[in-house]
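Analysis of the macromolecular model
Listed below are the residues making up each chain.
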Amino acid sequence: MKIGILGAGAMGCNVGGHLKLGGAEVWLIDKNQEHMKKIADKGLLWIGTDGYVYPPIQMDGAVTDPKECGTCEVVIVLTKCQYLRIALDESAALFDKDTIVLTFQNGLGAEDILLEKFSPERVGYGVAYCGGQLIEAGKTVMSRSKDKNLIFRCVKGGENPTVKKLEQYFEKSGFPVCYTEETDQYLWTKLCVNCMANLPLALMHLPGYYAYVDEDGDVLTDMVAKEAMEVAHALGYAVCWEDIAQVKQKAIDTKYVTLNSCSYDVKNKCSTEVEFLNGAIVKMGKKVGVPTPVNETLVRMMRCVERTYAYQF
Ligand SMILES: NC(=O)C1=CN([C@@H]2O[C@H](COP(=O)(O)OP(=O)(O)OC[C@H]3O[C@@H](n4cnc5c(N)ncnc54)[C@H](OP(=O)(O)O)[C@@H]3O)[C@@H](O)[C@H]2O)C=CC1
Ligand SMILES: CC(C)(CO)C(=O)C(=O)O
């Protein structure tokens, strides 16, 4: 099976690397020329969270021009959400009329962007319970869990043979995933966690551990997550506070200092996924009549920060 990973940064290299180890034909397609050239020349270098250096993974292709890859049976999109529309527009060469398109991007809204372009039979979406960091061109930190690294479903429901095969590649490489019609439940839990962690920590310029052990950082991040959870409940998703609190507690217990994807964006003075994370909570809160003043404050701060990088001290 030929699989294209559109947006092969931290997460794209994690997902693509595992599919390759599981036996699929995997092409990475990414804007970052140096990153693609390094992988094409030397293979993808993975570092484990414990510092272990894996043998380089030889991909079937690592290209900047989608035409060099050509059509794929499955395309997995893993750009940041704000670049998804443009990435799809620039990558028509990857798709034929049957290509299945999957997103594991954080937040709310990527699936709707896919549905603007592809019929529901061809679209799947889900959530990533694993992580990664791009440390230099060709080299990423890969982190995975023992179970449920990706939780996903097809928009139309039911499993199709292509998706089944995909699950087998993941399983074979020691990266178990879970196909479930309950995906939205997990997606909303992860969204609440991302709302708690991504914008607040990026705005405070703090790794999780230091924000959570500070009394005001602790209260602030709880307030953000509780508002997001209220919105989830109003929409009928049974998000549990214990699941969110557990993520924070684990970050404290393990002295977790890895930056989240949004913090990397702010560090690099780039745009963030604000509209797909806390921005989506504010929007959905308005729809269901749940006030979200704390999230709205963070969203306005982040929009301002993104527009004013050039003037910041
Ligand atoms: N990192 C993590 O631990 C986790 C991330 N996620 C989610 O996964 C998604 C990806 O995040 P992450 O991997 O961290 O992001 P990265 O920024 O590391 O990777 C995204 C890649 O997409 C590339 N890209 C941007 N525009 C295009 C385009 N038009 N065509 C091709 N490639 C393009 C970027 O290139 P360039 O940099 O040159 O613009 C970059 O290399 C996000 O939705 C994130 O929220 C989910 C769980 C954990
Ligand atoms: C770090 C993690 C896994 C949770 O906040 C994440 O989803 C991100 O970096 O965006």
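Rules used in this analysis
Residues numbered from 1 in each chain as written. Chains lettered and ligands numbered in written order. Predicted model: local features only at pLDDT ≥ 70, side-chain atom pairs only at ≥ 80, totals over all residues. Heavy atoms only, no water. Salt bridge = Lys/Arg side-chain N within 4 Å of Asp/Glu carboxyl O. Helix = DSSP H or I, 4+ residues; strand = E, 2+ residues; numbered from the N terminus. Buried < 20%, exposed > 50% of the residue type's maximum accessible area, 1.4 Å probe, protein only. Lys, Arg positive; Asp, Glu negative; His and termini not counted. Contact = heavy atoms within 4.5 Å. 1 Å grid on protein atoms, 1.4 Å probe; cavity = no way out; pocket = protein on both sides within 12 Å on 5 of 7 lines; lining within 4 Å. Points joined across faces, edges and corners; volume = space filled by probe spheres on them. Nonpolar A, V, L, I, M, F, W, Y, C, P; charged D, E, K, R; others polar. UniProt positions renumbered as here; feature names shortened; annotations may be inferred. pLDDT = per-residue confidence, 0-100.

Enumeration over the complete set of coordinates arrives at 16 salt bridges. Across the pair aspartate 60 and lysine 20 runs a salt bridge, and its minimum N-O distance is 2.9 Å. Of this pair, aspartate 60 sits in the loop between strand S3 (45-48) and strand S4 (61-63) while lysine 20 sits in helix H1 (residues 10-21), placing them 40 residues apart in sequence. With its nearest N and O atoms 3.0 Å apart, the salt bridge here joins lysine 117 to aspartate 89. Highlighted residues: lysine 117 in helix H5 (residues 110-117) and aspartate 89 in helix H4 (residues 84-90), separated in sequence by 28 residues. The class for lysine 117 is partly exposed, based on a relative accessible area of 45%. Three or more residues are tied together by salt bridges with common partners; here these are Asp218, Asp222 and Lys248.

As for its position among the elements, glutamate 273 is in the loop between helix H11 (261-267) and helix H12 (278-288). Here glutamate 273 occupies a buried position and makes no salt bridge, while the nearest side chain of opposite charge, lysine 80, is found at 5.8 Å. Excluding residues that lie within four positions of it along the chain, glutamate 273 makes contacts with Lys80, Cys81, Gln82, Asn106 and Ser261.

To continue, consider the layout of surface pockets. Roughly 590 Å³ of volume is contained in the second largest pocket. Taken together, 27 residues make up the lining of the second largest pocket; nearest its centre are Leu108, Gly109, Asp112, Ala280 and Met284. Elements with a minimum of two residues in the lining of the second largest pocket: H5, strand S7 (123-128), helix H7 (183-204), H12 and helix H13 (293-307). The element that contributes the greatest number of residues to the lining of the second largest pocket is H12, accounting for six residues. Split by residue class, the lining of the second largest pocket holds 12 nonpolar, six polar and nine charged.

Moving on, we get to the UniProt feature "domain: Ketopantoate reductase C-terminal" (unreviewed entry) in the protein chain. UniProt records the feature "domain: Ketopantoate reductase C-terminal" (unreviewed entry) at residues 184-303, using the numbering of this structure. Helix makes up 74% of residues 184-303 and strand 0%, with an end-to-end C-alpha separation of 27 Å.

Next up on the list: the confidence of the model for the protein chain. Per-residue confidence for the protein chain averages 97 on the pLDDT scale, and 100% of its residues sit at or above 70. What the predictor reports for the complex is a pTM of 0.98 with an ipTM of 0.98.

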